[in-house]
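Here's the letter readout for the chains.
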Amino acid sequence: MSNITSEYGFTIIVPLYNEEDNMARLESSLASFLEHSIRKACVLFVNDGSRDGTLAGLRDICSRNSDFHYISFSENCGLSAAIKAGFDYAESPLIGYIDADLQTNPEDFNLLLPYLEDYDMAIGVRVKRNDTPFKRFQSRFANSFRRMMTGDGATDTGCPLKVFRAAAAKQFPMFKGMHRFFPALLLLQDGAKYKEIPVSHRPRVAGVSKFNIWNRMMSSFADCFAYRWMKSRYIRYRVGESDILR
Ligand code: UDP
Ligand code: MG
């Protein structure tokens, strides 16, 4: 199977659920980033079963921008599923991820990409976070609990600006909620390493957040135990000898 993303060095996955009010900003800021991306890049929108004008907007945007493409789910499957579809369909050697609300800036992909020479993943850390104090508190609490449970050492796994070597991303065991565990999932892979880079952050100016304290915090709490189980049962092997390798 081959698709158009195989013609690029870098595929940017953008998950969208009811984000019609962000479409115009997405088109202009991603188009301007593509012009000076340090890797030849395309955008892969993943519409997660939106019920508003998102899909119609995507069809329009992708018809006028030759480096913009989309996948559309027939129903809402959740953010982890949208990201997994992006990982499954991207055929470029490098993959990026950014949220449709553009609280992080696509320009910062150029800060992260050089680290993929030496690392399997580079992730943003939101230095000056522009969210409500309550959301920042939830995030700080969740990050420290997850760090304690997983030992992943990551400062800000929720930052929606990340880049991956496709070979590493495609190996992540993906379940609902697993988009919050990428550093921990990466460390399951033999010898894999990631780098954290400070990135800019701004308020959500259009559309609304799709998560609340229950679906963000409570499921992550349970997922920490699922991760520990996965880590204890993860399969790793090294081939010492074979006659099929050339
Ligand atoms: N999203 C999605 N499917 C969902 C919920 C959210 O694809 O079921 C997308 C959403 O459109 C956005 C990203 O995931 O691009 C993050 O969502 P949001 O900004 O609401 O989360 P927050 O930043 O508040 O944690
Ligand atoms: Mg957001």
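Within any chain, residue numbers begin from 1 and follow the written order of that chain's sequence. Whichever chain is written first becomes A and whichever ligand is written first becomes 1, with later ones labelled in order. In keeping with the model being predicted, local features are shown solely for residues with a pLDDT of at least 70 and side-chain atom pairs are shown and tallied solely at 80 or more, while totals for entire chains, interfaces and linings include all residues. Side-chain numbers come from the whole structure's heavy atoms, not from hydrogens or water.

Student: Explain the packing of helix H5 (residues 133–150) against helix H8 (residues 213–233) to me, using residue names and the numbers behind them.
Tutor: Packing of H5 against H8 brings their axes to within 10 Å, and their N-to-C directions diverge by 10°. With respect to each other, H5 and H8 are oriented roughly parallel. Two secondary-structure elements touch here, H5 through Phe134, Lys135, Gln138, Phe141, Ala142, Phe145, Arg146, Met148, Met149 and Thr150 and H8 through Ile213, Arg216, Met217, Phe221, Cys224, Phe225, Tyr227, Arg228 and Lys231. Note on definitions: angles span 0 to 180 degrees between N-to-C directions of axes, and those axes are lines fitted to C-alpha atoms, for helices only across the stretch in contact. For the purposes of this entry, the term helix denotes a DSSP run of H or I that reaches at least four residues, the term strand denotes a run of E that reaches at least two, and both are numbered from the N terminus. Roughly parallel covers angles under 35 degrees, roughly antiparallel covers those over 145, roughly perpendicular covers 65 to 115, and oblique covers all other angles. The contact criterion used is simple: two residues touch if any of their non-hydrogen atoms lie within 4.5 Å.

Student: Report on the side chain of Ser29, specifying residues and quantitative values.
Tutor: Residue placement: Ser29 occurs in helix H1 (residues 23–36). In protein, a polar contact requires one atom able to donate a hydrogen and another able to accept it; more generally it is a pair of N or O atoms within 3.5 Å, and residues adjacent in sequence count only if both atoms are side-chain atoms. Here the side chain of Ser29 touches Arg25 through a polar contact of 2.9 Å, landing on its backbone oxygen. Once residues within four sequence positions are removed from consideration, Ser29 is found in contact with Leu102 and Pro106.

Student: Talk me through the site of ligand 1; I want residue IDs and the actual numbers.
Tutor: Near ligand 1, the surroundings consist of 17 residues, among which Glu19, Asp48, Ser209, Lys210 and Arg216 are the closest. Between Ala100 and ligand 1, the recorded distance is 2.9 Å, taken from a backbone N or O atom to an oxygen atom. At 2.8 Å from an oxygen atom of ligand 1 is found a side-chain nitrogen or oxygen belonging to Lys135. A breakdown of the residues in the shell around ligand 1 according to their chemical character gives six nonpolar, three polar and eight charged. Here a residue is considered near a molecule or strand provided that any single heavy atom belonging to it is located within 4 Å of it. Each residue gets one of three labels, nonpolar for Ala, Val, Leu, Ile, Met, Phe, Trp, Tyr, Cys and Pro, charged for Asp, Glu, Lys and Arg, and polar for the others, Gly among them.

Student: Requested: an account of helix H2 (residues 54–64), with residues and values cited.
Tutor: For every residue, the accessible area obtained with a 1.4 Å probe (protein chains only) is divided by the maximum for its type, and the residue is called buried under 20%, exposed over 50%, and partly exposed between those limits. Considered for burial, the residues of H2 that qualify are Thr54, Gly57, Leu58, Ile61 and Cys62. Across the axial projection of H2, the buried residues extend over an arc of 125°, all falling on one side. Among the exposed residues of H2, those oriented more than 90 degrees off its buried face are Ser63 and Arg64. Contacts made by the buried residues of H2 are with strand E1 (10–16), H1, strand E2 (41–47) and strand E3 (68–72). Directions from the helix axis toward the C-beta atoms define the arc.

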